[in-house]
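Tertiary structure, described
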Amino acid sequence: MARWAVFPVNDTQFPAQTGHKPVATRFAKLALDMRMHPDFIHEFVPGTSNRTLLLLHGTGGNERDLIALGRELDPNAALLSPRGKVLENGMPRFFRRLAEGVFDLEDLKHRTNELADFVIAAAQHYGFASDNLIAVGYSNGANIAASMLLLRPEALPAAILFRAMVPFYPETQPNLSSVRVWMGAGTNDPIIPISETRALAELLHNAGADVTVRNFQAGHELTMADVEAAREWLTALQ
Ligand code: MLT
């Protein structure tokens, strides 16, 4: 769904005797121009309000994983859901890691910029308002959303981060004074200890963001309590 196909061109079928560009070549150029740069495999579901949720799945997920969650959080918002481009043992992720919780920072920064550029291109392509875009990330998806806030804050005015940690400590503190963030942590999360979520909350808060943190009696998995609390926060944001 929602991907542009480039149709094949065979210039030999259109010898350039007329001096004009072959028709198929011109069409292919047009199709290429209409593609997003950079592009991700993604789903885009139009909404009935001017809000768009950027859905970012966890390790091993894909572009369809969080569609139902997005609808649950806001039945009227448009949904943009890319699939992470990195494969770890066949499992899609948004950036490379060296071990659990140990990130390849060069790749993380490169992928963060690529995702931010995709979001900007998608806003133009689908015609949604980029100043009303809210990331909804889970685990690895929450971590790249946090990385976007730190590296490309202009691309993301708000974020819901389920089970997030500090992706990296920036050399220059971003200005997040107009950014709002909701975070949900699991008190028994074996992958992302609650201290990590707190450290990220502090980092974002020190950069000026309005941060809400909620702790849930849960592990790494998402619970209904997380979803209900995030929905309440999102509704109040309107
Ligand atoms: C990450 O790699 O982003 C975090 O360790 C969460 C995970 O995906 O397991």
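It should be noted that the structure appears before, not after, this text.
The model shown is predicted, which means the values in this text are computed figures rather than measured ones.

Some details on the side chain of glutamate 63
Summarising the element assignment, glutamate 63 is placed in the loop between strand 2 (52-56) and helix 2 (67-73). What makes glutamate 63 buried here is its relative accessible area of 5%. Not counting residues up to four positions away in its chain, the partners in contact with glutamate 63 are Ile41, His42, Glu43, His57, Ser81, Pro82 and Arg83.

Some words on the packing of helix 3 (residues 105-126) against helix 4 (residues 140-151)
Where helix 3 contacts helix 4, the two axes come as close as 9 Å, and the packing angle between them is 85°. The angle between helix 3 and helix 4 falls in the class roughly perpendicular. Taken together, the residues of helix 4 that come into contact with helix 3 (itself represented by Leu108, Lys109, Arg111, Thr112, Asn113, Leu115, Ala116 and Val119) are Ile144, Ser147, Met148 and Leu151. Residue composition of the contact of helix 3 with helix 4, grouped by class: seven nonpolar, three polar and two charged.

Examining the site of the ligand
Close contacts around the ligand come from Thr59, Arg93, Phe95, Arg97, Gly101, Phe103, Ser139, Asn140, Asn143 and Ile191, and that covers them all. Take threonine 59: an N or O atom from its side chain is 2.6 Å from an oxygen atom of the ligand. Its free accessible area being 260 Å², the ligand has 96% of it covered by the protein chains. Among the residues making up the shell around the ligand, the classes are represented as three nonpolar, five polar and two charged.

Parameters and conventions
Residues numbered from 1 in each chain as written. Predicted model: local features only at pLDDT ≥ 70, side-chain atom pairs only at ≥ 80, totals over all residues. Heavy atoms only, no water. Helix = DSSP H or I, 4+ residues; strand = E, 2+ residues; numbered from the N terminus. Buried < 20%, exposed > 50% of the residue type's maximum accessible area, 1.4 Å probe, protein only. Contact = heavy atoms within 4.5 Å. Axes fitted to C-alpha atoms, helices over the stretch in contact; angles between N-to-C directions. Parallel < 35°, antiparallel > 145°, perpendicular 65-115°, else oblique. Nonpolar A, V, L, I, M, F, W, Y, C, P; charged D, E, K, R; others polar. Near = heavy atom within 4 Å. Polar contact = N/O pair within 3.5 Å; in protein donor to acceptor, adjacent residues only side chain to side chain. Areas by Shrake-Rupley, 256 points an atom, 1.4 Å probe, with all protein chains shown as cover.

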